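What follows is each chain in one-letter form.
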Amino acid sequence: MKKYKVIKTYQEINDKIRQGKAVVVTAEEMIDVVERHGDVEAARRVDVVTTGTFSPMCSSGAFLNFGHTSPKIRASKVWLNDVPAYGGIAAVDCYIGAGEVVEGDPLNSVYPGEFNYGGGHVIQDLVAGNVIRLRAEGYGTDCYPARKYERTITLQDFRDATLFNPRNAYQNYNCAVNASDRIIYTYMGMLRPRMANVAYATAGQLSPLFNDPCYRTIGIGTRIFLGGAQGFVAWPGTQHNPNVPRGKNGVPKEGAGAIATIGNLKEMSPEWLVGASILGYGVSLYVGIGIPIPILNEEMARYTAVKDEDIFAQIYDYGMDYPKGVSKSLGETNYKELRSGTVVLNGKEIPAAPLSSYLKALEIAAILKEWIERGDFLLGEPQQLLPSVSE
Amino acid sequence: MYSKKVVIHYPAESSEKPIIYELVKRYDLMLNILKARIFPRREGILVLDLSGNRENFDDGIRYLKSLGLGVEPLSKSVSQNTEKCIHCGACTGVCPTGALSLDRESWRVVFDPELCNGCAVCVSACPVRAMEVDLL
């Protein structure tokens with residue numbers, strides 16, 4: 001058991017939040033605090049560090065229940081604005097996935113496909129209060145005789161609407177280049193031939209899981225900013241993998257942890273859930289997520305002071321290697337270099353462009369800070385932490 | 001030396017006039033064709049990087065207008081919808097002229113219409129369709 005000089009509990013911090021006395025800084029501000037005062041003093045002074053990220057997160061979607069109809073239907077096939085939603089759950093429940101493309105879309109038959117509308121856009125339309133056309137088909141049973149149902153509907157008309165995202169806020173992500181000699185269109189965007197550009201994601205030093213790299217405070221029940229409302233970490237994200245190469249600071253050098261998130265869609269906003277069309281690839285959803293990190297001790301102060309230059313990522317070739325399933329890193333870079341706009345790979349300078357909005361990540365961290373300072377947002381003590389590095 | 005990128009809209013009946021020749025011959029203008037979509041007896045569009053001395057430039061534009069062609073600065077045809085833009089920066093990786101860039105102080109995507117050549121690569125590369133190009 002490690003001995004800490006500073007020890008705080010969730011209860012103590014929440015009491016301070018309730019009294020409006022909690023000291024909250026963003027992950028960017030925390031870098032200065034720790035540099036100036038050291039980790040122990042920073043841990044004494046600061047109670048919570050807020051983080052943020054705003055990125056396309058394909059593994060997202062919403063469970064919707066449209067309420068029983070008369071006559072009743074067992075809706076086995078469901079469409080929202082002609083985007084298929086999964087109907088293989090109870091009678092009037094369905095799941096609209098962010099990556100589902102509208103029916104009749106030419107896809108990549110007109111290459112590269114534009115993918116102008118899909119599940120992510122349906123979710124944005126819903127939270128924007130727009131009218132959606134709901135269509136359902138059933139096969140008819142004695143208890144659910146209706147075979148067809150159609151109506152226009154808005155988010156507030158749904159009986160229940162729960163955003164449930166199986167994998168969000170990936171801790172780290174590949175940087176993508178294209179070493180082939182033709183232009184390619186990937187989920188990392190358009191990649192010009194002969195490594196003429198590099199695409200990256202995540203908000204670096206502001207990104208939630210980079211600030212708690214070994215998941216000492218993030219777990220099931222952690223209350224978070226999700227799509228503009230308060231949501232929760234529901235579970236480790238799919239593909240969550242703590243056992244990857246890490247730096248001395250504990251920060252993984254490639255994709256590692258992830259979280260599943262959940263929250264009430266009816267409380268969310270179209271500013272923080274934005275449908276995405278990714279040329280030649282498909283549709284997705286930009287999701288805004290912010291996680292507050294409680295500074296329980298000086299170790300957490302140290303973790304939350306992580307800087308872009310100490311966060312590394314791998315560069316992969318999406319022209320040949322990635323589609324074949326060959327994971328061979330062409331080189332390592334860090335987020336300081338990536339965010340400067342130029343990466344050096346094998347002595348060659350390559351322009352770097354992000355997919356994640358650093359501006360929106362900053363805004364999320366600031367909003368979360370304000371919520372906590374106002375006493376509107378209490379820390380959720382996890383019932384169980386995410387699986388961490390095997391000791 | 002005066003230089004500007006302009007968009008010329010042709011009505012169908014003007015599509016067969018040799019206006020480029022006239023701009024060079026009569027008005028001594030230097031031009032670089034950035035984009036052209038011209039078909040016989042159909043309306044068309046021409047994007048030119050036009051330069052020369054100021055007087056000739058203005059005379060040339062007047063000449064084009066006298067033929068009934070629509071002439072506009074390119075900057076009017078390309079715009080960033082700031083309501084939609086989420087400032088991710090994806091466009092900055094594909095913009096060939098540097099007209100779209102990330103301001104590394106504010107972390108906003110900044111569009112400089114003067115640098116834009118109207119290629120419209122950004123339109124479909126933008127995940128939220130925030131770039132609007134009105135060139136046919």
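What you are looking at is a predicted structure, and each value in this text was computed from that prediction instead of being measured. (Residues numbered from 1 in each chain as written. Chains lettered and ligands numbered in written order. Predicted model: local features only at pLDDT ≥ 70, side-chain atom pairs only at ≥ 80, totals over all residues. Heavy atoms only, no water.)

## Quick notes on the packing of aromatic side chains
Counted under the stated rule, the structure contains 20 aromatic pairs over all chains. Taking 5.1 Å as the distance between ring centres and 55° as the angle between the ring planes, the aromatic pair formed by Y358(A) and W107(B) counts as tilted. You can see Y358(A) sitting in helix 7 (residues 358-374) and its partner W107(B) sitting in the loop between strand 6 (100-102) and strand 7 (109-111), one on each of two chains. The class for Y358(A) is buried, based on a relative accessible area of 5%. Relative to Y63(B), the ring of Y27(B) lies with its centre 5.5 Å away and its plane at 35°, an arrangement referred to as tilted. Remark: Y63(B) occurs in helix 2 (residues 54-66) and Y27(B) occurs in the loop between helix 1 (19-25) and strand 2 (30-37); sequence separation between them is 36 residues. Y63(B) carries the same exposure label as Y27(B), and that label is buried. Aromatic rings pair up to connect F54(A), F225(A), W272(A), Y286(A), W371(A) and F377(A) into one cluster. The positively charged end of K253(A) is found above the aromatic ring belonging to F312(A), 5.7 Å away from the centroid. Across the ring face of Y358(A), the terminal group of R339(A) is positioned such that the distance to the ring centre comes to 3.5 Å. (Phe/Tyr/Trp six-rings, centres within 6.5 Å; stacked < 30°, edge-to-face > 60°. Helix = DSSP H or I, 4+ residues; strand = E, 2+ residues; numbered from the N terminus. Buried < 20%, exposed > 50% of the residue type's maximum accessible area, 1.4 Å probe, protein only. Lys NZ or Arg CZ within 6 Å of the ring centre and 35° of its normal.)

## Here's the deal with the interface of chain B and chain A
Residue-level contacts link 20 residues of chain B with 26 residues of chain A. Summing both partners gives a buried area of about 1,700 Å² for chain B against chain A, and 60% of it is carried by carbon and sulfur. The interface formed by chain B and chain A includes nine residue pairs in polar contact (both at pLDDT 80 or more). Element by element, the count of residues in the side of chain B that touches chain A is highest for helix 3 (residues 121-125) of chain B, at three residues. (Contact = heavy atoms within 4.5 Å. Buried area = accessible area lost by both parts, 1.4 Å probe. Polar contact = N/O pair within 3.5 Å; in protein donor to acceptor, adjacent residues only side chain to side chain.)

## A few points about the sheet that holds strand 2 (residues 48-50) of chain A
Residue and element names in this part refer to chain A. Within the open sheet, the three strands sit side by side as 1-2-21. Their pairing is mixed. For this open sheet the edge positions go to strand 1 (24-26) and strand 21 (292-294), each flanked by a neighbour on one side alone. The mean inter-strand angle of the sheet, taken between neighbouring strand axes irrespective of direction, is 25°. Bridge analysis of strand 2 against strand 21 gives three bridges, and the strand direction is antiparallel. Paired with V48 across the bridge in strand 21 is P294. Seen against the sheet, helix 2 (residues 27-45) touches strand 1 and strand 2 and runs at an angle of roughly 105° to strand 1. (Pairing = 2+ DSSP bridges. Axes fitted to C-alpha atoms, helices over the stretch in contact; angles between N-to-C directions.)

## What about unusual backbone geometry?
Of note, the amide linkage connecting S70(A) to P71(A) takes the cis form, showing an omega dihedral of -5°. The residue after Y111(A), namely P112(A), is reached through a cis peptide bond having omega -5°. Within the secondary structure, P112(A) sits in the loop between strand 7 (93-97) and helix 3 (119-127). Positive phi, normally seen in glycine, also occurs at H87(B), with a value near 60°. Relative to the helices and strands, H87(B) is located in the loop between strand 5 (78-80) and strand 6.

## A few points about the pattern of salt bridges
All names here are of chain A. Under the defined criterion, the tally for this structure stands at 23 salt bridges over all chains. Between E299 and R216 there is a salt bridge whose closest N-O contact spans 2.8 Å. With E299 in helix 4 (residues 298-304) and R216 in the loop between strand 14 (198-200) and strand 15 (219-220), the pair connects residues that are 83 residues apart, well separated along the chain. Judged by relative accessible area, which is 30%, R216 ranks as partly exposed. Ionic contacts of the salt-bridge type, sharing partners, join the residues D82, R133, R135 and E150 into one network. (Salt bridge = Lys/Arg side-chain N within 4 Å of Asp/Glu carboxyl O.)

## Topic: the domain arrangement of chain B
Residues and elements named next belong to chain B. Parsing chain B into structural domains produces domain 1 (2-76) and domain 2 (78-133). Taken over C-alpha atoms, the centre of domain 1 sits 26 Å from the centre of domain 2. Facing the seven residues of domain 1 at the interface are nine residues of domain 2. Buried surface at the junction of domain 1 and domain 2, both sides included, amounts to about 610 Å², of which 43% is carbon and sulfur. Applying the counting rule to domain 1 against domain 2 returns zero salt bridges. At the boundary of domain 1 with domain 2, the tally comes to five residue pairs in polar contact (both at pLDDT 80 or more). Its residues placed into classes, the side of domain 1 that touches domain 2 shows three nonpolar, one polar and three charged. (Domains from an automatic or database assignment. Nonpolar A, V, L, I, M, F, W, Y, C, P; charged D, E, K, R; others polar.)

## Quick look at the nonpolar core
Counting 123 residues, the largest nonpolar core has M30(A), L64(A), L80(A), I96(A), L265(A) and L273(A) as its most contacted members. Per-element tally for this core: the top contributor is helix 7 of chain A, with eight residues. Residue assignment places this core across two domains, with domain 1 (2-76) and domain 2 (78-133) of chain B each supplying three or more. Every residue in contact with L64(A), bar those within four places of it in the chain, is listed here: L80(A), V92(A), D93(A), C94(A), I96(A), L126(A), F158(A), D160(A), A161(A) and L265(A). (Core = buried A, V, L, I, M, F, W, Y, C linked by side-chain atoms within 4.5 Å.)

## A few points about the side chain of D47(A)
Residue and element names in this part refer to chain A. Relative to the elements of secondary structure, D47 occurs in the loop between helix 2 and strand 2. Looking at D47, the relative accessible area reads 0%, which means it is buried. One polar contact links D47 to K8, side chain to side chain, over a distance of 3.0 Å. For D47, the side chain forms a polar contact with the main-chain nitrogen of V23, separated by 2.8 Å. Residue contacts for D47: discarding those within four places in its chain leaves K8, I13, K16, K21, A22, V23, I293, P294 and I295.

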